[in-house]
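Observations on chain architecture
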Amino acid sequence: MQNIKLTRYIIISLILGIIVGILFPAFAVKLSPLAMMFLNMVKMIIAPLLFATLVIGIAGHGDIKSLGKIGIKTIVYFEVVTIAALIIGLGVGHFTQPGAGLENVTTNVSSTYMDAVTAMGHTTHSSLRDLVVNIFPSSVVKSMAEGNLLQIVVFSLFFALAICAVGQKAKPMMDLLNSLSEIMFKFTEYVMWFAPVGVFAAIASTIGSSGIGILKNYVKIVFSLYFALILFLIFIIILVCKIVKIPISGLIRVLKDPALLAFSTASSEAALPKAMEQMERFGVPKNIVGFVMPTGYTFNLDGSTLYLSMAVLFATQLVGIDLSLQHQLIIMFALMFTSKGVAGVPRAALVVLAGTLSSLNYPLIGVAILLGIDQILDMGRTTVNLVGNCIATIFIARWENEFDYDKMNEYLKSKDI
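In what follows, the accompanying structure is described. (Residues numbered from 1 in each chain as written. Predicted model: local features only at pLDDT ≥ 70, side-chain atom pairs only at ≥ 80, totals over all residues. Heavy atoms only, no water.)

Relative to the assigned elements, Pro137 resides in the loop between helix H7 (128-135) and helix H8 (140-146). With a relative accessible area of 22%, Pro137 lands in the partly exposed category. For the pair Pro137 and Phe155, spaced 18 residues apart in sequence, the C-alpha separation works out to 7.3 Å. The residues touching Pro137, leaving out its near neighbours within four places in the chain, are Ser143, Gln151, Val154 and Phe155. (Helix = DSSP H or I, 4+ residues; strand = E, 2+ residues; numbered from the N terminus. Buried < 20%, exposed > 50% of the residue type's maximum accessible area, 1.4 Å probe, protein only. Contact = heavy atoms within 4.5 Å.)

Structure below.
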C-alpha cells in the first residue's frame, strides 16, 4: 500500500507543479532549491547503498569466475541494445524529419545559448585510453563524494575479491555490510517520502523558467523524440518479457515508481535506489543488480544514445545538410564511444553532440535550439536510461539462470504492488 500511496502523491505533485509553473512562474522558479535538496538527499544514499549491496552479492557467493562471465554477458547485451536504440532513433528521425521547416525558430535563438553551445563544442572529450584509466579510482572517498558510480563499482569488486580471499576472518566485515545494506534500504524509504515535494518543485521551476509556450515552436522534435523513446521501450519490454518469460503487465507495474520519479526529476540518481530495491524484490540477485545497473550508467544509456542519433539528424536537417547513410553510420559509431567518455557530465548528451558537430565543421545552431528545451527532452531520455538498465538486470539474471520466478510471483501477488 505504501508504494501505491507514494505513486499517487507523485502524480498529484506532478500535476500541481505544472499548474503552479503556468499560473505563478515567478514563484515557481524560487522553488528550485527544494528540488535540489531532494536530489542531494538521494545522492547521499547511493554510494553506501551501492557499495554494501555489490560487495555482499559477490563475496556472499564467493564465486570469482562467475563475475567474469557476468561482465562479458553484460557488455554484449549493452552493445546489442545500444545498436537497437541507434537504429530506432535514426529511423524515426528520417520518418518525422524533426529539423525540417524550422527556419523561423533559428532566427530567434539567443546569443546566450549560442555562446554556451560554442563552449560545449570546444570541450575536450576523453579518449578511450583516458576512459579506461579513469575507471580505476585514486581515492574511493573522492569517488563517493563525486558520485562516480563506475569507480565505486570497481572498488567494490576488488574489495569483495579481497573478502573472498581472506575467508572466515572477513565475517565481521560481511556482517557489518549486511547491516549497512538493510539500514540504507530503510533510509531510502524515508527519503522517498520527500519525493512528492521534490517532484513538485522540479516541475514547477522548470515550467516557470521556460514557460509551457516553449513547446509550441519545438513540438516536432519533442514529439519525434518521445515517440522514438516509447517505441524503443515497447520493443525492449516485449522482447525481454518474451525471452525471460515474465508478464509484461507485472514488469510495467514494478517499473512505474522509479520511472515516474526519473521522469519528473530528470535525474537517474533520484530513481536509482528505488529501482535497485524494486529489481531485487522482483527476483534479480543482489550481485547482478549491484553490478549491472551502475555499469549501465556508463555503458548502457539507451535514452541518451537514441536522443543523440535523432539530434544529429535534427541539427543537420535544420541547416539543409543531407547526410548519406554511410556518413550517418560513421557518426553514430563515434557517438557510441564519445558518449561513454563523458558519462556523468551535466548536459552530457549536448556536450557530445556539440563536440561531434564542431569536429565535422557542421553548424551548431541545432544544438543551441535543443539547449533551450533540453530539460524537457532530458526527462524522457533519463527515464529510458533508467528503465533500460532495470530491464538489463532481469535479462542478465535470466541469462545466468539466477532469476527467481517464485520471488517474482510472490512480489506481484503482494499488496505492495
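Here we come to the environment of Met44. With respect to the helices and strands, the residue Met44 is situated in helix H3 (residues 32-61). Each C-alpha atom of the pair Met44 and Ala145 lies 8.6 Å from the other, and the pair is 101 residues apart in sequence.

Mapped onto the secondary structure, Pro98 falls in the loop between helix H4 (64-96) and helix H5 (103-106). Setting aside residues no more than four positions away along its own chain, Pro98 makes contact with Gly93, Lys220, Ile221, Ser224, Met310, Phe314 and Gln317.

Remark: the empty space left among the atoms is shown by a probe the size of a water molecule rolled over them. Within this model, the second largest pocket holds a volume of roughly 370 Å³. Lining the second largest pocket are 17 residues, and of these Leu233, Ile237, Ala259, Thr383 and Val387 sit closest to its centre. The greatest single-element share of the lining of the second largest pocket, amounting to seven residues, is contributed by helix H13 (residues 219-244). Of the residues belonging to the lining of the second largest pocket, the class tally is 14 nonpolar, two polar and one charged. (1 Å grid on protein atoms, 1.4 Å probe; cavity = no way out; pocket = protein on both sides within 12 Å on 5 of 7 lines; lining within 4 Å. Points joined across faces, edges and corners; volume = space filled by probe spheres on them. Nonpolar A, V, L, I, M, F, W, Y, C, P; charged D, E, K, R; others polar.)

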